[in-house]
Amino acid sequence: MNSFLVLFATFYSAQHLLDSWLTGLNIAHVRRHQDTIPPYFRDKIDGAAYGKSIAYTIEKARFGLVVSWLQIPIFWYLILSGFYGKVDLTIRSLEYGPVITGLAYLASVAAVFLAISVPFGLYSTFVIEQKYGFNRMTFQLWLFDLLKSVLLSIVIGGPVLAAMLWFMDSHLRGVWWLYTWTLLSLVQIFIAAVFPVFLLPLFNKLTPLEDGHLKQEILGLARKINFRLSGIYTMDGSKRSTHSNAFFAGLGKLRRIVLFDTLVKSLTELELLAVLAHEMGHNVKKHVRTGLIVSSATSLAGLYVLSLLVHQPWFYGAFQFTHPSAHAAVLIFMKTAGSFTHFFSPLMSILSRKHEYEADRFAVEVMAQPQPMIEGLAKLTRDNLANLTPHPWYSFFYYSHPTVMERIRALEKPDVAKVP
Ligand SMILES: [Zn+2]
């Protein structure tokens, strides 16, 4: 038996056991609290809405468990049956060059995984989200979304992947990982910059926010903290789902605020401003930059590790490839790396939660009072049927944001509420 495969299987099993155990703990914890609304929310959420949030949380968690356990046998069947090596031999027999062969290979495998994930995606949207009144998508819209995403991956991902395979195969062998990393970083920055102008409109209609009090207030807020802004838009998020959100997107002159129409409908003007102040806080406090640096350092480390693995015969043997190649290495890496890095994910969650607390604090300072942020959070929680009572270990491991109660408690701290 291949030692790398054994090592990977160990991590893979540990990952799935840990996830299932934490999810089980979380379901039990939510159940234990199902009869009592947390005190803070008693005047904000009625029994029916609370019950609905419990049922929604449990149904999503159970579905996640089912998906994960159904995928395990499929995943291992593909590895142990030699599927990856066989597809490789078939595509090799067509005798195209290494880059075309690599692209065709990775596209074929991606198509198989897409096909496996489609039924789960359909169930999640048209059964679960539908049942709780979130889904607004028609099947036609869902299908168009899928086709557009596939096309976009081909148009943007295809050339990047082709360049990477070419770097790996050509005379750049020794330092291909540095070239690839530079290219990936440039593409990432480019996409982040043009996202709101070229990519987002492919899926959603963006409408400039009409002149009026809200717009003046938002511009005033941006001026107050020297936040450069080139546009405020509302987005028809409601055509897909009633979940609500707001975000900043784009870099430099292309930076825009995007408000979901569902959010504008649900929050008061002050609450909306507080939520935007929080988002601006992420920029002012340099969280966006830190995030970019961390993700860029992670991909550099990952590519470097891959550059060591491409020379090891046992690496290819694990997935029963008979010929070492750039695309085989990329595939094995993509399928295995997640299980090894999974155990570091709480580190990222901790950093992200720290940023959320800082952005909340920033919003309180800018608004000179904590109430709008608190009320806005409470409404978002209610509208999204968010879990009010996650198990502490579960939220510690997975949550990118502190729980609602943790955030509200931090917002209510007197030192936070002081007026500057
Ligand atoms: Zn945030």
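Residues numbered from 1 in each chain as written. Predicted model: local features only at pLDDT ≥ 70, side-chain atom pairs only at ≥ 80, totals over all residues.

Enquirer: Hey, could you run me through the overall build of the protein chain in this one?
Expert: Helix and strand content of the protein chain: 17 helices and four strands. A compact globule built from 420 residues should have a C-alpha radius of gyration of about 22 Å, and the protein chain, at 24 Å, falls within 12% of that. Residue pairs at least 24 apart in sequence account for 77% of intrachain contacts in the protein chain once pairs closer than 6 positions are excluded. (Helix = DSSP H or I, 4+ residues; strand = E, 2+ residues; numbered from the N terminus. Rg over C-alpha atoms; globule rule 2.2 N^0.38 Å. Contact = placed C-beta atoms within 7 Å.)

Enquirer: How should I be thinking about the confidence of the model for the protein chain in this particular structure?
Expert: For the protein chain, the average pLDDT comes to 92, and 98% of its residues sit at 70 or higher. Below a pLDDT of 50 lies the segment residues 416–420, which in the model reaches eleven contacts outside its immediate sequence neighbourhood of four places, other chains included. (pLDDT = per-residue confidence, 0-100.)

Enquirer: Explain unusual backbone geometry here, please?
Expert: The general pattern is negative phi for most residues beyond glycine and trans for most peptide bonds. A positive phi angle, near 60°, is found at Glu95, a position not held by glycine. Within the secondary structure, Glu95 is located in the loop between helix H3 (83–92) and helix H4 (98–131). A residue is classified by how many C-beta atoms lie within 10 Å of it, and Glu95, with 8 of them, is exposed. The phi dihedral of Lys286 falls on the positive side, at around 65°, and the residue is not glycine. With respect to the helices, strands and loops of the structure, Lys286 is situated in the loop between helix H9 (269–284) and helix H10 (287–309). For Lys286, a count of 13 C-beta atoms within 10 Å translates into the label partly exposed. (Buried ≥ 20, exposed ≤ 12 C-beta atoms within 10 Å, placed from the backbone.)

Enquirer: Help me out: how do you make sense of the sheet that holds strand E1 (residues 206–208) in this one?
Expert: Pairing between the strands of a sheet is mediated by backbone hydrogen bonds and can be parallel or antiparallel. Sheet architecture is open: four strands sit in the order E1-E2-E4-E3, paired in mixed fashion. Strand pairing shows two members of the sheet lacking a second neighbour, E1 and strand E3 (246–249), which therefore form its edges. On average, each strand axis in the sheet is inclined to that of its neighbour by 30°, with strand direction left out of account. The pairing of E1 with strand E2 (residues 232–235) spans three bridges and is antiparallel. The residue of E2 that forms the bridge with Thr207 is Thr234. Along the sheet, helix H6 (residues 176–203) contacts E1, E3 and strand E4 (256–260); its crossing angle with E3, the most-contacted strand, is approximately 125°. Against the sheet, H9 makes contact with E3 and E4, and its axis sits at roughly 35° relative to E3, the strand it touches most. (Pairing = 2+ DSSP bridges. Axes fitted to C-alpha atoms, helices over the stretch in contact; angles between N-to-C directions.)

Enquirer: Could you clarify how one ought to interpret helix H14 (residues 371–383) in this entry?
Expert: Residue pairs three or four apart in sequence face the same way in an α-helix, which turns once every 3.6 residues. For H14, built from 13 residues, the straight-helix expectation of 18 Å at 1.5 Å per residue is met to within 8% by its first-to-last C-alpha distance of 18 Å. For H14, the complete set of buried residues consists of Pro372, Met373, Ile374, Gly376, Leu377, Leu380 and Thr381. Taken from the residues just after H14, Leu385 is the one with a positive phi, measuring 50°. (Expected span 1.5 Å × (residues − 1).)

Enquirer: Please clarify how the pairing of E4 should be interpreted in this entry.
Expert: In summary, the side chains of a regular strand alternate between the two faces of the sheet. When you tally the buried positions in E4, you get five out of five residues, the bulk of the element. Here E4 shows no split at all, with Arg256, Val258 and Phe260 on one side and Ile257 and Leu259 on the other all buried. If you look at the hairpin formed by E3 and E4, you'll find six residues sitting between the two strands, and Gly250 has a positive phi there, around 90°.

Enquirer: What's the story with the pairing of E3 in this structure? I'm lost.
Expert: Looking at chain direction, E3 and E4 are connected through four bridges and run antiparallel. Its bridge partner being in E4, Phe247 is matched across the sheet by Val258.

Enquirer: Even after reading the chapter, I still don't get the nonpolar core, so can you show me in this structure?
Expert: Most often, soluble globular proteins have nonpolar side chains that are buried together. By size, the foremost hydrophobic cluster in this structure holds 30 residues, and its most contacted members are Ala246, Leu259, Leu276, Ala277, Ala363 and Met373. What Ala277 contacts, discounting residues up to four positions off in sequence, is Leu221, Phe362, Ala363, Val366 and Met367. (Core = buried A, V, L, I, M, F, W, Y, C linked by C-beta atoms within 7 Å.)

Enquirer: So what exactly am I meant to see when it comes to the packing of helix H1 (residues 3–32) against helix H12 (residues 326–341) here?
Expert: The relative placement of two packed helices is expressed as an angle between their axes plus a distance between the axes. With their axes 8 Å apart at the nearest point, H1 and H12 run at an angle of 60° to one another. Between H1 and H12, the angle is such that the two are oblique. The two elements H1 and H12 cross, and the hand of that crossing is left-handed. Residues Phe8, Phe11, Tyr12 and Gln15 of H1 form the contact with H12, whose own contacting residues are Thr336, Ser339 and Phe340. Among the residues forming the contact of H1 with H12, the class breakdown is four nonpolar, three polar and no charged. (Parallel < 35°, antiparallel > 145°, perpendicular 65-115°, else oblique. Left-handed = near helix turned anticlockwise from the far one by under 90°. Nonpolar A, V, L, I, M, F, W, Y, C, P; charged D, E, K, R; others polar.)

Enquirer: Help me understand the environment of Ala386, please; the structure alone is not making it clear to me.
Expert: Here Ala386 is to be found in the loop between H14 and helix H15 (392–398). Look at Ala386 and you get partly exposed, because 17 C-beta atoms sit within 10 Å. Apart from the residues within four sequence positions on either side, Ala386 is in contact with Ser53, Thr381 and Val404.

Enquirer: What should I look at first to understand the packing of helix H2 (residues 47–80) against H4 in this one?
Expert: The N-to-C vectors of H2 and H4 enclose an angle of 170°; their axes lie 11 Å apart at closest approach. When the interaxial angle is binned, H2 and H4 end up roughly antiparallel. Seen from H2, the contacting residues are Glu59, Lys60, Phe63, Val67 and Ile74; seen from H4, they are Ile116, Phe120, Ser124 and Ile128. Of the residues that constitute the contact of H2 with H4, the class distribution is six nonpolar, one polar and two charged.

Enquirer: Would you mind showing me how to read the environment of Ile293 here?
Expert: Inspection of the secondary structure puts Ile293 in helix H10. Between the alpha carbons of Ile293 and Trp393 there is a distance of 28 Å; along the sequence they are 100 residues apart.

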